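Per-entry structural report
Below, each chain spelled out in residue letters.
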Amino acid sequence: MVEYLNSLRTQEHGANPSFVHENRKVFLDRLRTAASWFPNDEALYVRTRLDDLVDRLGDVSAHCDLIFLTGDAGDGKTALCAQVARHLASSDELIDITDVNGWTIVKDASEVEPELLEELLAKRLSGIGPKLLVAINEGRLRRMMRPPDNGEAGLAVKACPNLWRDVIEPALEAWIDDQAAQLLDDRMRAERVLVLNFRNRFHVPAVVPRLLEVWTRAEYWEGSSVCGGCIANQHCPILANAQALRCSGVQNNISEVLQSAHFSGQRLPFRRLQAVLALSVTGGLKCRDLQAGGALAGDQANPLDLLQYRYYEALFRTDDSGPVKAAPEAINRSLGPSDPGRTSDPQ
């Protein structure tokens, strides 16, 4: 679990970058080969409101034939594409363009030739071919679907000239009121086109407690043969973090800290959210740091040094100081003003 959680970090240089979706399966298969008890994908998966959309896609009454997933890197667009494919009964890994059960899935539009993507969109907007799910960054979506001020429009714009004005542009607005949202919803239904803008996604209060609950189950830690029999578990700050983070009160407090960062203007895409929570569990440590010969092993470990790696310190970490260097996540620096330790006397 420690190796898995550290792999979710974005600033952990020694870990496998399994936050890159394409690397994930190989990495997890290796973990399960080494530890047969390691949980499967279903046990680690945390449902969000987006899963309600996934559940509906197999329904013939679903009100869309074309879906744009747009947002920043790390928002979870590729992961959602993979979840849709599994829901549509595909067990294969996604390729650039995947056809499955009446849908074509483009997991990353930047990996597809512009001419081919234009053709796919134009056909779908003309009512030809399978339904289409496209993960695309906002800049490319704007360039491809916005009618040009001068020059010739692309195939997709020609197929549906008003789609930009009626659906895509208002869906990319930073904020709309209830009336505008209802109008946009009606237009999406009429055009059978859904634009899902991850940039406006607010998932912190729902996702934080669920992730911590899943990651800290006792059977993965002191209840496992590895952690339960480890000679370091009596002084292990990682295990102490896992046990403390099972508390719903602690989970909610961490959620509120991260919500404050969200409302102060910090982007918390799913990848960044996972990374800072993973750092809070492990403190940036590896098991070997606490076992024989490690920098924090046994009686040689100063208790105050160990405290630097508890979750309430890791969450507000702004540098890599300490016996074991643990680089903070980018969002950590924005959490500093919320640190209650700033108003206490370390003495």
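Figured I'd write up the structure that's included with this text. (Residues numbered from 1 in each chain as written. Predicted model: local features only at pLDDT ≥ 70, side-chain atom pairs only at ≥ 80, totals over all residues. Heavy atoms only, no water.)

As a further point, take the overall build of the chain. When its secondary structure is counted, the chain shows 18 helices and five strands. For the chain, the spread of C-alpha atoms along the principal axes amounts to about 70 × 45 × 35 Å. Here the chain, with 347 residues, has 46% of them falling under the buried criterion. Long-range pairs, those at least 24 residues apart, make up 67% of the contacts in the chain between residues at least 6 apart in sequence. Working note: accessible area of the chain is about 17,400 Å², and carbon and sulfur atoms make up 49% of it. Averaged over its 38 positive side-chain charges, the chain has a centre that lies 0 Å from the centre of its 47 negative ones. (Helix = DSSP H or I, 4+ residues; strand = E, 2+ residues; numbered from the N terminus. Buried < 20%, exposed > 50% of the residue type's maximum accessible area, 1.4 Å probe, protein only. Contact = heavy atoms within 4.5 Å. Areas by Shrake-Rupley, 256 points an atom, 1.4 Å probe, with all protein chains shown as cover. Lys, Arg positive; Asp, Glu negative; His and termini not counted. Charge placed at Lys NZ, Arg CZ, Asp CG, Glu CD.)

Here the focus is the packing of helix H7 (residues 138-145) against helix H9 (residues 163-171). Direction vectors running N to C along H7 and H9 enclose 175°, while the axes themselves pass 11 Å from each other. Regarding the angle of H7 to H9, the classification is roughly antiparallel. Residues Leu141, Arg142 and Met145 of H7 form the contact with H9, whose participating residues are Leu163, Trp164 and Ile168. Here the contact of H7 with H9 is composed, by residue class, of five nonpolar, no polar and one charged. (Axes fitted to C-alpha atoms, helices over the stretch in contact; angles between N-to-C directions. Parallel < 35°, antiparallel > 145°, perpendicular 65-115°, else oblique. Nonpolar A, V, L, I, M, F, W, Y, C, P; charged D, E, K, R; others polar.)

When the terminal C-alpha atoms of helix H11 (residues 204-215) are compared, their 16 Å separation across twelve residues agrees well with the 16 Å that a helix rising 1.5 Å per residue should span. Of the positions making up H11, those classed as buried are Val204, Val207, Val208, Pro209, Leu211, Leu212, Val214 and Trp215. The secondary structure elements touched by the buried residues of H11 are helix H1 (2-7), helix H3 (41-44), helix H14 (248-263) and helix H15 (270-282). (Expected span 1.5 Å × (residues − 1).)

For the rest of this paragraph, the subject is the side chain of Arg317. Inspection of the secondary structure puts Arg317 in the loop between helix H17 (311-314) and helix H18 (332-335). Engagement of the side chain of Arg317 in a polar contact is seen with the backbone oxygen of Gln308, the distance being 3.1 Å. Setting aside residues no more than four positions away along its own chain, Arg317 makes contact with Gly283, Gln308, Tyr309, Ala326, Pro328 and Asn332. (Polar contact = N/O pair within 3.5 Å; in protein donor to acceptor, adjacent residues only side chain to side chain.)

The next point concerns the pairing of strand S1 (residues 66-71). Burial within S1 is extensive, with six of its six residues counted as buried. The alternating pattern of S1 places Leu66, Phe68 and Thr70 on one face and Ile67, Leu69 and Gly71 on the opposite face, and all of these are buried. Across six bridges, the pairing between S1 and strand S4 (residues 131-137) is parallel. When the bridges of S4 are listed, Leu66 appears paired with Leu132. In the sheet, S1 pairs with strand S5 (residues 193-197) via five bridges, with the strands oriented parallel. Within S5, the residue paired with Phe68 across the bridge is Val195. (Pairing = 2+ DSSP bridges.)

One full turn of an α-helix is made of 3.6 residues, so residues set three or four places apart face in the same direction. Compared with the 16 Å implied by 1.5 Å per residue over twelve residues, the 16 Å span of helix H6 (residues 114-125) between its first and last C-alpha is a close match. Within the span of H6, buried status applies to Leu117, Glu118, Leu121, Ala122, Arg124 and Leu125. Down the axis, H6 shows its buried residues gathered within 165° of arc, on one side only. Here the buried face of H6 lies against S1, S4, H7, helix H8 (155-159), H9 and S5. Remark: Gly127 follows H6 within two positions and exhibits a positive phi of approximately 80°. (Arc of directions from axis to C-beta.)

For the rest of this paragraph, the subject is the side chain of Asp166. Take Asp166: it is sitting in helix H9. With relative accessibility at 13%, the residue Asp166 sits in the buried group. Beyond its immediate chain neighbours, meaning those up to four positions away, Asp166 contacts Leu184, Arg187 and Glu191.

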